[in-house]
Amino acid sequence: MKFKMRVLHFSKADNASAIAAAIAKSQQTNSDQIPPAYNCENEKLVFVCVEVSKKIDEKVVNFLKNLNSNRVKNLAFITVGSDTGEAMNELKSMAKNVGVNVAADMECTVKSSLFKKGKVTEADIQNCVDWAAKLVNSLAV
């Protein structure tokens, strides 16, 4: 780990938690669910991996509302689902409202059907891990 960071996730089908766990392992830090057991405090970067369907879960909204630039300098959002563009815009807006910089964002598209939840593939997870590593390296300067 190059600086103080955390990886947090909110997951109903375990897709976001799988991505968060892989990023945390690659960056030698811990992964925790939202809301975290311990509040963020003086973090240079917090990855927030969120599974979304129609709307962002209230737990995620409340977590983001309690952030500020003293707790978190940079957020990096990863949204997981079939159509996450609107949710990503909402997340970035919430971060802006509390004065926290959004360093980067990524959408991981997972197709679902009426009867079956979609699952992230190993390639999806690796793509997110590689993206996260590039972001961490860019902020380590």
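Every value quoted in this text rests on a predicted model; they were computed, and no experiment measured them. (Residues numbered from 1 in each chain as written. Predicted model: local features only at pLDDT ≥ 70, side-chain atom pairs only at ≥ 80, totals over all residues. Heavy atoms only, no water.)

A. Seen up close, the sheet that holds strand β4 (residues 72-81). Within the open sheet, the five strands sit side by side as β2-β1-β3-β4-β5. Their pairing is parallel. Of all the strands in the sheet, the pair left with one neighbour each is β2 (31-33) and β5 (101-109). Taken over all neighbouring pairs, the strand axes of this sheet differ in orientation by 20 degrees on average, direction set aside. Relative to β4, strand β3 (residues 43-51) is paired through eight bridges, and the arrangement is parallel. Paired with E51 across the strands is V80, a residue of β4. Across the sheet, helix α2 (residues 58-65) is in contact with β1 (5-10), β3 and β4; its angle to β1 comes to roughly 150 degrees. (Pairing = 2+ DSSP bridges. Helix = DSSP H or I, 4+ residues; strand = E, 2+ residues; numbered from the N terminus. Axes fitted to C-alpha atoms, helices over the stretch in contact; angles between N-to-C directions. Contact = heavy atoms within 4.5 Å.)

B. Spatial organisation of the layout of surface pockets. If you add up the space inside the largest pocket, you get close to 460 Å³. Taken together, 19 residues make up the lining of the largest pocket; nearest its centre are E51, V52, S53, K54 and K117. Here the residues of the lining of the largest pocket are counted per class, giving six nonpolar, six polar and seven charged. (1 Å grid on protein atoms, 1.4 Å probe; cavity = no way out; pocket = protein on both sides within 12 Å on 5 of 7 lines; lining within 4 Å. Points joined across faces, edges and corners; volume = space filled by probe spheres on them. Nonpolar A, V, L, I, M, F, W, Y, C, P; charged D, E, K, R; others polar.)

C. Representation of a negative patch on the surface within the structure. On the surface, D83, E86, E90 and E107 cluster together to form a negatively charged patch. Inspection of the secondary structure puts E90 in helix α3 (residues 85-97). On the basis of relative accessibility, which here comes to 35%, the residue E90 falls in the partly exposed class. (Patch = residues over 30% accessible without salt bridge, like charges linked within 9 Å, V, L, I, M, F, W, Y side chains within 5 Å. Areas by Shrake-Rupley, 256 points an atom, 1.4 Å probe, with all protein chains shown as cover. Salt bridge = Lys/Arg side-chain N within 4 Å of Asp/Glu carboxyl O. Lys, Arg positive; Asp, Glu negative; His and termini not counted. Charge placed at Lys NZ, Arg CZ, Asp CG, Glu CD. Buried < 20%, exposed > 50% of the residue type's maximum accessible area, 1.4 Å probe, protein only.)

D. Broad picture of the side chain of R6. Positionally, R6 belongs in strand β1. Looking at R6, the relative accessible area reads 13%, which means it is buried. For R6, the side chain forms a polar contact with the main-chain oxygen of Y38, separated by 2.9 Å. When residues no more than four places from it in sequence are discounted, the contact partners of R6 are D32, P36, Y38, N39, C40, E43, L45, V46 and F47. (Polar contact = N/O pair within 3.5 Å; in protein donor to acceptor, adjacent residues only side chain to side chain.)

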